[in-house]
Amino acid sequence: MLKPLLIRSSHKECYYEAHREPDTAGGEVIYTDGIHLVADSIDELHTFAKSIGFKRDWFQWLSLPHYDITSSTMRKRVIKAGAIETDSRTIVKIARMAA
């Protein structure tokens, strides 16, 4: 399986699928499977979501903390802003750790 490659932007660290192990020592990470948006901390998730125009009341807490991505436009915005594309298994693992 491919390992994420760490990409550093001006205010957060983001991953894209690549062949190296990430170095997560310096910050939070945002992930998506194209349907859900999660992060390794709830605060970072809310900050990221706000920065791309998601409303706080779209936040889902009932099962695992996440935002739903409900359109291709939203998905493009999430990816462009630096979220890591990953599989659903990883999404659940990250959301559980953040809860």
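(A) Up close: the pairing of strand S4 (residues 36-39). Direction of pairing for strand S3 (residues 30-32) relative to S4: antiparallel, over a ladder of 3 bridges. By the bridge assignment, Ile-30 is partnered in S4 with Ala-39. Between S3 and S4, which follow one another and run antiparallel, lie 3 residues, and Gly-34 among them has a positive phi close to 90°. Where S4 meets strand S6 (residues 66-68), 2 bridges bridge the pair, whose relative direction is antiparallel. Bridged to His-36 within S6 is Asp-68.

(B) Geometry of the packing of aromatic side chains. Taken as a whole and judged by the stated rule, the model has 4 aromatic pairs. Members of the aromatic cluster, connected to one another through ring pairs, are Phe-54, Trp-58, Phe-59, Trp-61 and Tyr-67.

(C) Expanded view of helix H3 (residues 88-98). Here H3 has its buried residues at Thr-90, Ile-91, Ile-94, Ala-95 and Ala-98. Buried residues of H3, viewed axially, fall in a sector of 130°; they line one side. Looking at H3, the residues exposed on the side facing more than 90 degrees away from the buried face are Arg-89, Lys-93, Arg-96 and Met-97. Residues of H3 that are buried make contact with S3, S4 and helix H1 (42-51). For H3, the N-terminal cap is Asp-87; the gap from its side-chain oxygen to the backbone nitrogen of Arg-89 is 3.1 Å.

Thresholds, definitions, all that
- Residues numbered from 1 in each chain as written.
- Predicted model: local features only at pLDDT ≥ 70, side-chain atom pairs only at ≥ 80, totals over all residues.
- Heavy atoms only, no water.
- Pairing = 2+ DSSP bridges.
- Helix = DSSP H or I, 4+ residues; strand = E, 2+ residues; numbered from the N terminus.
- Phe/Tyr/Trp six-rings, centres within 6.5 Å; stacked < 30°, edge-to-face > 60°.
- Buried < 20%, exposed > 50% of the residue type's maximum accessible area, 1.4 Å probe, protein only.
- Arc of directions from axis to C-beta.
- Contact = heavy atoms within 4.5 Å.
- Polar contact = N/O pair within 3.5 Å; in protein donor to acceptor, adjacent residues only side chain to side chain.

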